[in-house]
Amino acid sequence: MLFSIVFGEGIVNDAVSIILFNAVYTRTMSSLPLTWKAPIEIGGEFASLTINSTLLGIAGGLILAILFKSMWFLTKYPIHEIILIFVCGFMTYLISEMFKLSAIVSLLACGICLSHYAWYNLSPQSK
């Protein structure tokens, strides 16, 4: 349990620093002047990136969980389940990179969503 907490805290710290860096980098590379509104705008960009990345990851996890629940033939062989889980994680990562969101946050949200919802629909061999 302690390992999971420390590992999760490290992942969240990395994700927050990457999102904040991207928000500041986007702001400094634009031709907009730095005024007193800049921290508010950077905070808004940070919140937008975080929320959108999380929603993308949750959507990917829920889609795969629904597929596992409704299409029982996908859970017949454990190797198919494992491949689908890897593909789902990789697709959320790629889609978030394509939209210039945080891929780490998206992948983390997808994994949490899959562990919470898809676990009960997997075959006994893959658990």
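You'll find the structure just up there.
Rules behind the numbers
Residues numbered from 1 in each chain as written. Predicted model: local features only at pLDDT ≥ 70, side-chain atom pairs only at ≥ 80, totals over all residues. Heavy atoms only, no water. Helix = DSSP H or I, 4+ residues; strand = E, 2+ residues; numbered from the N terminus. Rg over C-alpha atoms; globule rule 2.2 N^0.38 Å. Contact = heavy atoms within 4.5 Å. Areas by Shrake-Rupley, 256 points an atom, 1.4 Å probe, with all protein chains shown as cover. Lys, Arg positive; Asp, Glu negative; His and termini not counted. Charge placed at Lys NZ, Arg CZ, Asp CG, Glu CD. Expected span 1.5 Å × (residues − 1). Salt bridge = Lys/Arg side-chain N within 4 Å of Asp/Glu carboxyl O. Buried < 20%, exposed > 50% of the residue type's maximum accessible area, 1.4 Å probe, protein only. Axes fitted to C-alpha atoms, helices over the stretch in contact; angles between N-to-C directions. Left-handed = near helix turned anticlockwise from the far one by under 90°.

Brief notes about the overall build of the protein
- When helices and strands are tallied, the protein shows four helices and zero strands.
- Reading the protein from its N terminus to its C terminus gives the helix and strand order α-α-α-α.
- Radius of gyration (C-alpha) of the protein: 18 Å, far over the 14 Å computed for a compact globule of 127 residues.
- Counting only C-alpha atoms and orienting by the principal axes, one finds that the protein spans roughly 60 × 30 × 15 Å.
- Contacts in the protein between residues far apart in sequence, at least 24 positions, make up 64% of those at least 6 positions apart.
- Surface exposure of the protein reaches about 8,700 Å², of which carbon and sulfur atoms provide 75%.
- Put simply, the protein has 6 plus and 6 minus side-chain charges, and the middle of one group is 11 Å from the middle of the other.

So, helix α2 (residues 38-70)
- Taking 1.5 Å of rise per residue, the 33 residues of α2 would be expected to cover 48 Å, and the 47 Å separating its terminal C-alpha atoms lies within 8% of that figure.
- Buried-residue contacts for α2 involve α1 (2-29), α3 (78-98) and α4 (103-117).

Here we look at the pattern of salt bridges
- All told, the structure shown has one salt bridge when counted by the stated rule.
- Across the pair Arg-27 and Glu-41 runs a salt bridge whose closest N-O atoms are separated by 2.3 Å. In this pair, Arg-27 is assigned in helix α1 and Glu-41 in helix α2, connecting sequence segments 14 residues apart.
- A residue is classified by how much of its surface remains accessible, and Glu-41, at 38% relative accessible area, is partly exposed.

Considerations on the packing of α2 against α4
- Two elements in contact, α2 and α4, have axes separated by 7 Å at closest approach and are oriented at 35°. Helix-helix and strand crossings are classified by hand; for α2 and α4 the assignment is right-handed. Contact residues: Thr-50, Ser-53, Thr-54, Leu-56, Gly-57, Ile-58, Gly-60, Gly-61, Leu-62, Leu-64 and Ala-65 in α2; Val-105, Ser-106, Ala-109, Cys-110, Cys-113, Leu-114 and Tyr-117 in α4.

What is shown is where atoms sit, not what they do.
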